[in-house]
Amino acid sequence: PSADSEAILRSLQLKLDRSPEQGFTHEALTQRAELLRLSADLLTDLPRRQAYEAALLELGRDHPGETAGIDLPSNKEVAGLLLLLEANSPHEVFHLASQGLQPLQAPALGSAREADLALLLALACRAAAAEEQEQRRYEAAASLLHDGMQLLQRMGKLHEECRNLQNDLDVLMPYRILDLVSRDLGDQASHQ
């Protein structure tokens, strides 16, 4: 909030220079750059920025949990999720990418959107599981990895990423066992 226009433009240039290298389509990376520029335009235009910050304060006060920002067209959802992942919100990205890949909303098989969403799902899954592990919530981490693997396998996508998720799950096994065994002895279902 206290960043001036120069700092915002420097940050924009750093983000543009550090484009993700994981294999996203050119279209997703181009849209990411466009969203970054739109954000920088908003934050460097003093009247628009003040209106935006006022909207944030009002939402935070009157409607906790809601947010204000740039309206994101549905054709730029992958770029928005990519930026959200870069902003260290892997749980949200995992959830939203999973929704985007569900049968009712599923993109055309083999489309660039499907490939980008699958890659986002895999990266977000691993990052969210790592966050859970840091908090010593091993069963939650394992559940995320398992769900991510199932979705990727159902789609028949990213076999290497599936192997990475399986490796992460295998590494968690002793921690999961210790987590479950250390639970309250009165809860026999957990111990079983």
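The structure under discussion appears in the preceding block.
Residues numbered from 1 in each chain as written. Predicted model: local features only at pLDDT ≥ 70, side-chain atom pairs only at ≥ 80, totals over all residues. Heavy atoms only, no water.

Draft legend 1. Focus on the overall build of the protein. If you tally the helices and strands in the protein, you get nine helices and zero strands. Tracing the protein from N to C terminus, the helices and strands come up as α-α-α-α-α-α-α-α-α. Burial analysis of the protein (192 residues in total) assigns 33% to the buried set. Taking the intrachain contacts of the protein between residues at least 6 apart in sequence as the baseline, contacts between residues at least 24 apart amount to 60%. Only carbon and sulfur atoms are counted for the fraction: they give 53% of the accessible area of the protein, which is about 11800 Å². (Helix = DSSP H or I, 4+ residues; strand = E, 2+ residues; numbered from the N terminus. Buried < 20%, exposed > 50% of the residue type's maximum accessible area, 1.4 Å probe, protein only. Contact = heavy atoms within 4.5 Å. Areas by Shrake-Rupley, 256 points an atom, 1.4 Å probe, with all protein chains shown as cover.)

Draft legend 2. Quick look at a nonpolar patch on the surface. On the surface, Met 173, Ile 177 and Val 181 cluster together into a nonpolar patch covering about 270 Å² of accessible area. By secondary structure assignment, the location of Ile 177 is in helix α8 (residues 159–181). By relative accessible area, Ile 177 is classed as partly exposed at 45%. (Patch = residues over 30% accessible without salt bridge, like charges linked within 9 Å, V, L, I, M, F, W, Y side chains within 5 Å. Salt bridge = Lys/Arg side-chain N within 4 Å of Asp/Glu carboxyl O.)

Draft legend 3. How the structure looks around the pattern of salt bridges. For the structure shown, the criterion picks out nine salt bridges. Linking Lys 15 and Glu 86 is a salt bridge whose minimum nitrogen-to-oxygen distance equals 3.3 Å. Of this pair, Lys 15 sits in helix α1 (residues 5–17) while Glu 86 sits in helix α4 (residues 77–86), and the two are 71 residues apart along the sequence. One salt bridge in this structure joins Lys 76 and Glu 34, with 3.5 Å as the shortest N-O distance.

Draft legend 4. Region of the structure containing the packing of helix α7 (residues 138–155) against α8. The geometry of α7 relative to α8 is characterised by a closest axis approach of 8 Å and an angle of 155° between their N-to-C directions. Relative to α8, the element α7 is oriented roughly antiparallel. Read as a crossing pair, α7 and α8 show a hand that is left-handed. Where α7 approaches α8, its residues Tyr 138, Glu 139, Ala 141, Ala 142, Leu 145, Gly 148, Met 149, Leu 152 and Gln 153 are matched on the opposing element by Glu 161, Cys 162, Leu 165, Gln 166, Asp 168, Leu 169, Leu 172, Tyr 175, Arg 176, Asp 179 and Leu 180. Class assignment for the residues of the contact of α7 with α8 results in 12 nonpolar, three polar and five charged. (Axes fitted to C-alpha atoms, helices over the stretch in contact; angles between N-to-C directions. Parallel < 35°, antiparallel > 145°, perpendicular 65-115°, else oblique. Left-handed = near helix turned anticlockwise from the far one by under 90°. Nonpolar A, V, L, I, M, F, W, Y, C, P; charged D, E, K, R; others polar.)

Draft legend 5. Here's a closer look at unusual backbone geometry. Phi at Asn 88 takes a positive value of approximately 65°, unusual for a residue other than glycine. As for its position among the elements, Asn 88 is in the loop between α4 and α5 (90–100). Unusually for a residue other than glycine, Arg 136 sits at a positive phi of about 65°. Locating Arg 136 in the fold gives a position in the loop between α6 (112–134) and α7.

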